[in-house]
Amino acid sequence: MKTIVWSAAISLLATSALSTAASAQNAPGNLEKLGAFKTTGATPEIPLVPQTGRKADAIKKNLAKVKLPPGFKISLYALVPDARHIAVGPQGVVTFVGTRKNKVYAVTDRGKSGVADEVKPFASTIDLAIPNGVCFSKDGFLFVAEQNRVLMFPAAEFFYESPDVVAVPIVAQGDLIPKEEESYNHTARVCRIGPDDKLYVTLGQPFNVPAPEKAELYGKWGIGGIVRFDREGKNREVFANGIRNSVGMDFNPKDKSLWFTDNQVDGMGDKIPPGELNRANQPGMNFGFPWYGGGKVRTAEYKDATPPETAVAPQVEMDAHAADLGMTFYAGKMFPKKYQGAIFSAQHGSWNRTDPIGARVMLTTLKEDGTADKTEVFAEGWLTPDGEYLGRPVDVAVLKDGSLLVSDDFAGALYRITYEGR
């Protein structure tokens, strides 16, 4: 029965993809062929990313410098070039990893050994542009949020072996944001399927602080905010605004609220403004940017403008310029009770401080009412005392066994954190 359901779903979605691609004047690459279940002629042999050698040895040596709470251990899970955001397949078959370049990688650990045995490009016959955001629905649909498009891949866990896979453009190229607003800055999108079965996508605005004349356009499109769609890409709406550049979000499985990180204004000094961890428990909330550069610190550009009375302060003020990116609620059972239901978040590390900070994984526990309690460092050591980066964490995700994956786009790797204490 499951096979019949999947076949029907794929046929329906492929028909949609073919119709969409055929009607688009600038239909990209091979989408038309794939939507019609036609081969692109690519060789079926996909080159693998080598998993051993000097680079792997060097990363393992650097991981020995990472500090964790007692009972925890970190190890190299996979070498994945430019590894950014992580989507663990709901059946635990494949983990997909996005990048800020032009590839998504499929990572497998067939023997469940705790180390990946195969890493290779996914959907390599499709031209991708900054496919940073990857996320799964519970029923096995993979979504890839690019800079200005969103693709959906039915049954990606089971159709990843070939370079040719069905891809459905649920948001066509150029329809996520206006073409004229494309930029080289703040281009990394992230996505999640919400408890309402809608697709949520973050849209960072491209400026350090935007000019007032951008407000109407950005408000309409949700640029500098979070938008949501039906899973088919219809009924778009702006879920939240007043956000500078969020590159990490997740839903609290207990109360269904959406939490997200936000990177705040640069050039205001070493210690201000703080980074943010925010909570949206309903649609329509405004989180204060650009009137506030982070927390309650006002921006120079908007110091004489009146902020919205409804502007919401962050749940947690993080260290300034630590670059808070990916986050996840820990739903596993491997870690002790303290960590279950808490938030793990990655700090990429600062670029505009005289004393660099970040390059670590943070832990935020919650109170009984669902708000933030305490935030502390969970894993650190990728930033040396003299300010050199050995790695730069980007995202965190939980594997089926309860271990925690951490991506690192500087080293080009995934790390696995396990708990072996009592």
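Anyway, here's the lowdown on the structure attached to this text.

Reading the values: the criteria
- Residues numbered from 1 in each chain as written.
- Predicted model: local features only at pLDDT ≥ 70, side-chain atom pairs only at ≥ 80, totals over all residues.
- Heavy atoms only, no water.
- 1 Å grid on protein atoms, 1.4 Å probe; cavity = no way out; pocket = protein on both sides within 12 Å on 5 of 7 lines; lining within 4 Å.
- Points joined across faces, edges and corners; volume = space filled by probe spheres on them.
- Nonpolar A, V, L, I, M, F, W, Y, C, P; charged D, E, K, R; others polar.
- Disulfide = S-S within 2.5 Å.
- Helix = DSSP H or I, 4+ residues; strand = E, 2+ residues; numbered from the N terminus.
- Salt bridge = Lys/Arg side-chain N within 4 Å of Asp/Glu carboxyl O.
- Buried < 20%, exposed > 50% of the residue type's maximum accessible area, 1.4 Å probe, protein only.

**Brief notes about empty space enclosed by the protein**
Applying the stated criterion across every chain yields a total of five cavities of 30 Å³ or more. Here the largest cavity is characterised by a volume of approximately 50 Å³. Taken together, Gln147, Ile177, Glu181, Glu182, Ser183, Asn185, His186, Thr187, Arg189, Gly204, Pro206 and Ile223 form the lining of the largest cavity. Per-class residue counts for the lining of the largest cavity are three nonpolar, six polar and three charged.

**Structural notes on the state of the cysteines**
Applying the stated criterion across every chain yields a total of one disulfide. Disulfide pairing is shown between Cys135 and Cys191; the S-S distance is 2.3 Å. Between Cys135 and Cys191, the S-S torsion sits near -120 degrees, and that sign places the bridge as left-handed. In this pair, Cys135 sits in strand β6 (residues 133-136) while Cys191 sits in strand β10 (residues 191-193), placing the two residues 56 residues apart along the sequence.

**Details of the pattern of salt bridges**
According to the stated counting rule, one finds 23 salt bridges in the structure shown. Taking the shortest distance from any N to any O, the salt bridge between Glu118 and Arg110 comes out at 3.2 Å. Residues Lys120 and Glu161 are paired through a salt bridge, measuring 2.5 Å at the closest nitrogen-oxygen approach. In this pair, Lys120 is assigned in strand β5 (residues 118-122) and Glu161 in the loop between β8 (150-153) and β9 (168-171), connecting sequence segments 41 residues apart. With relative accessibility at 5%, the residue Lys120 sits in the buried group. A single network of salt bridges, built from pairs that share partners, joins Arg110, Glu118, Lys120 and Glu161.

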